[in-house]
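Chains, contacts and geometry: an overview
The lines below spell out each chain.
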Amino acid sequence: MGCLLRSDEMSLCDVYLQPEAAFDIVSRFGEMGCLQFLDINPDAKLYERNYVSEVCRCAEMERQLRYIESEMKKDDITIPDLNQEPAALQPHEMSQFEFTKKDLGSFQTQKPRP
(Lines give C-alpha, C1' and ligand atoms only; values in the text may rest on other atoms or scores of the structure.)
Protein backbone atom coordinates (compact mmCIF):
# COMPACT_ATOMS: atom_id res chain seq x y z
CA MET A 1 0.00 0.00 0.00
CA GLY A 2 1.33 3.39 -0.92
CA CYS A 3 1.65 6.40 1.33
CA LEU A 4 0.09 9.73 0.40
CA LEU A 5 1.85 12.05 2.82
CA ARG A 6 2.60 15.62 1.85
CA SER A 7 6.33 14.99 1.98
CA ASP A 8 6.16 12.07 -0.47
CA GLU A 9 7.22 12.79 -4.01
CA MET A 10 4.20 12.89 -6.31
CA SER A 11 3.46 13.52 -9.96
CA LEU A 12 0.33 14.94 -11.52
CA CYS A 13 -0.65 12.96 -14.60
CA ASP A 14 -3.54 12.80 -17.00
CA VAL A 15 -4.56 9.24 -17.76
CA TYR A 16 -6.82 8.50 -20.72
CA LEU A 17 -8.28 5.00 -20.76
CA GLN A 18 -10.33 3.06 -23.23
CA PRO A 19 -13.69 2.25 -21.60
CA GLU A 20 -13.14 -1.49 -22.17
CA ALA A 21 -9.90 -1.44 -20.18
CA ALA A 22 -10.79 1.20 -17.57
CA PHE A 23 -12.15 -1.20 -14.94
CA ASP A 24 -9.08 -3.45 -14.90
CA ILE A 25 -6.62 -0.57 -14.91
CA VAL A 26 -8.36 1.47 -12.20
CA SER A 27 -8.84 -1.61 -10.00
CA ARG A 28 -5.11 -2.37 -10.25
CA PHE A 29 -4.26 1.22 -9.35
CA GLY A 30 -6.61 0.90 -6.38
CA GLU A 31 -4.98 -2.33 -5.23
CA MET A 32 -1.59 -0.62 -5.32
CA GLY A 33 -2.96 2.15 -3.12
CA CYS A 34 -0.79 4.83 -4.66
CA LEU A 35 -3.28 6.85 -6.65
CA GLN A 36 -5.38 9.88 -5.86
CA PHE A 37 -8.13 11.18 -8.12
CA LEU A 38 -8.82 14.85 -8.70
CA ASP A 39 -12.24 16.05 -9.78
CA ILE A 40 -11.65 17.97 -12.98
CA ASN A 41 -15.36 18.89 -13.26
CA PRO A 42 -16.35 20.04 -9.77
CA ASP A 43 -19.32 22.02 -11.11
CA ALA A 44 -20.85 19.05 -12.97
CA LYS A 45 -24.13 17.74 -11.56
CA LEU A 46 -24.15 14.22 -10.19
CA TYR A 47 -26.41 12.86 -12.92
CA GLU A 48 -24.12 14.34 -15.61
CA ARG A 49 -21.10 12.33 -14.48
CA ASN A 50 -19.88 9.12 -16.06
CA TYR A 51 -19.89 5.96 -13.97
CA VAL A 52 -22.24 7.33 -11.28
CA SER A 53 -24.33 4.17 -11.31
CA GLU A 54 -21.24 1.97 -10.91
CA VAL A 55 -19.95 4.05 -7.99
CA CYS A 56 -23.38 3.87 -6.31
CA ARG A 57 -23.46 0.13 -6.93
CA CYS A 58 -20.07 -0.31 -5.24
CA ALA A 59 -21.13 1.86 -2.30
CA GLU A 60 -24.28 -0.26 -1.87
CA MET A 61 -22.22 -3.45 -2.03
CA GLU A 62 -19.86 -2.09 0.62
CA ARG A 63 -22.85 -1.25 2.85
CA GLN A 64 -24.23 -4.77 2.43
CA LEU A 65 -20.89 -6.35 3.25
CA ARG A 66 -20.62 -4.26 6.44
CA TYR A 67 -24.13 -5.45 7.38
CA ILE A 68 -23.20 -9.11 6.74
CA GLU A 69 -20.06 -8.64 8.84
CA SER A 70 -22.04 -7.16 11.74
CA GLU A 71 -24.56 -10.03 11.57
CA MET A 72 -21.75 -12.58 11.60
CA LYS A 73 -20.22 -10.91 14.65
CA LYS A 74 -23.61 -10.92 16.41
CA ASP A 75 -23.84 -14.67 15.83
CA ASP A 76 -20.22 -15.23 16.97
CA ILE A 77 -19.13 -16.44 13.54
CA THR A 78 -15.38 -16.14 13.21
CA ILE A 79 -14.15 -14.05 10.29
CA PRO A 80 -10.62 -15.13 9.37
CA ASP A 81 -7.94 -12.47 9.02
CA LEU A 82 -6.45 -12.08 5.56
CA ASN A 83 -2.72 -11.82 5.01
CA GLN A 84 -3.29 -9.38 2.16
CA GLU A 85 -6.07 -7.30 0.69
CA PRO A 86 -8.22 -9.27 -1.76
CA ALA A 87 -8.19 -8.32 -5.42
CA ALA A 88 -11.04 -6.20 -6.72
CA LEU A 89 -14.06 -8.12 -7.97
CA GLN A 90 -14.60 -8.25 -11.70
CA PRO A 91 -17.95 -6.89 -12.93
CA HIS A 92 -19.41 -10.38 -13.48
CA GLU A 93 -18.35 -11.35 -9.93
CA MET A 94 -20.09 -8.26 -8.58
CA SER A 95 -23.27 -9.28 -10.40
CA GLN A 96 -22.96 -12.80 -9.03
CA PHE A 97 -22.53 -11.42 -5.48
CA GLU A 98 -25.58 -9.17 -5.86
CA PHE A 99 -27.66 -12.09 -7.14
CA THR A 100 -26.52 -14.32 -4.25
CA LYS A 101 -27.26 -11.54 -1.76
CA LYS A 102 -30.81 -11.21 -3.13
CA ASP A 103 -31.29 -14.98 -2.80
CA LEU A 104 -30.07 -14.88 0.81
CA GLY A 105 -32.34 -11.92 1.53
CA SER A 106 -35.41 -13.75 0.23
CA PHE A 107 -34.41 -16.84 2.24
CA GLN A 108 -34.06 -14.74 5.39
CA THR A 109 -37.54 -13.25 4.97
CA GLN A 110 -39.02 -16.76 4.56
CA LYS A 111 -37.33 -18.30 7.59
CA PRO A 112 -37.25 -16.21 10.80
CA ARG A 113 -34.26 -16.32 13.14
CA PRO A 114 -34.56 -18.57 16.23
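Above this text sits the structure in question.
Description of the structure in this document.

Calculation rules
- Residues numbered from 1 in each chain as written.
- Predicted model: local features only at pLDDT ≥ 70, side-chain atom pairs only at ≥ 80, totals over all residues.
- Heavy atoms only, no water.
- Helix = DSSP H or I, 4+ residues; strand = E, 2+ residues; numbered from the N terminus.
- Contact = heavy atoms within 4.5 Å.
- Areas by Shrake-Rupley, 256 points an atom, 1.4 Å probe, with all protein chains shown as cover.
- Buried < 20%, exposed > 50% of the residue type's maximum accessible area, 1.4 Å probe, protein only.
- Polar contact = N/O pair within 3.5 Å; in protein donor to acceptor, adjacent residues only side chain to side chain.
- Disulfide = S-S within 2.5 Å.
- Expected span 1.5 Å × (residues − 1).
- Salt bridge = Lys/Arg side-chain N within 4 Å of Asp/Glu carboxyl O.

Quick word on the overall build of the protein
Looking only at helices and strands, one finds 3 helices and 0 strands in the protein. The helix and strand sequence of the protein, counted from the amino end, reads α-α-α. Across the protein, every contact between residues at least 6 apart in sequence was considered, and the portion connecting residues at least 24 apart equals 74%. Only carbon and sulfur atoms are counted for the fraction: they give 56% of the accessible area of the protein, which is about 10,700 Å².

Quick notes on the side chain of Glu 71
Following the sequence through the fold, Glu 71 ends up in helix α2 (residues 52–74). Looking at Glu 71, the relative accessible area reads 12%, which means it is buried. Here Lys 74 takes part through its side chain, which lies 2.9 Å from a polar atom of the side chain of Glu 71.

A word on the state of the cysteines
A full pass over the atoms with the stated rule returns 0 disulfides. Cys 58 carries a free sulfur, and the closest cysteine sulfur to it, the one in Cys 56, is 9.4 Å from it.

Some remarks on helix α1 (residues 19–32)
Residues spaced three or four apart along an α-helix point in a common direction, a consequence of the helix completing one turn every 3.6 residues. Here α1 contains 14 residues, and its C-alpha end-to-end distance of 20 Å stays within 8% of the 20 Å for a straight helix at 1.5 Å per residue. In the stretch just after α1, Gly 33 is the one whose phi turns positive, near 70 degrees.

Thoughts on the environment of Gln 90
Its place among the elements puts Gln 90 in the loop between α2 and α3 (91–110). Considering only alpha carbons, one finds Gln 90 and Asp 24, 66 residues apart in sequence, at a separation of 8.0 Å. Setting aside anything within four residues of it in sequence, one finds Gln 90 in contact with Phe 23 and Asp 24.

Regarding the side chain of Gln 64
Summarising the element assignment, Gln 64 is placed in helix α2. Sequence-distant contacts of Gln 64, that is, excluding residues within four places in its chain, are made with Phe 97 and Lys 101.

A short note on α2
Here α2 is 23 residues long and its end C-alpha atoms lie 33 Å apart, about the 33 Å a rise of 1.5 Å per residue gives. Along α2, the residues that are buried comprise Met 61, Gln 64 and Glu 71. Asp 76 sits one or two residues past α2 and shows a positive phi near 55 degrees.

Notes on unusual backbone geometry
Within the chain, Asp 76 stands out as a residue other than glycine whose phi angle is a positive 55 degrees. Relative to the helices and strands, Asp 76 is located in the loop between α2 and α3. Judged by its relative accessible area of 69%, Asp 76 falls in the exposed class.

Things to note about the pattern of salt bridges
Close approach of charged atoms allows side chains of opposite charge to pair. Taken as a whole, this structure holds 4 salt bridges when the rule is applied. Residue Arg 66 is joined to Glu 62 by a salt bridge in which the shortest nitrogen-to-oxygen separation is 3.5 Å. Highlighted residues: Arg 66 and Glu 62, both in helix α2, separated by 4 residues, approximately one helical turn. On the basis of relative accessible area, Glu 62 is assigned to the partly exposed category, the value being 48%. Lys 74 is paired through a salt bridge with Glu 71; the nearest N and O atoms lie 2.9 Å apart. A residue pair is termed a helical-turn pair when its members lie 3 or 4 positions apart in one helix, as Lys 74 and Glu 71 do in helix α2 at 3 residues.

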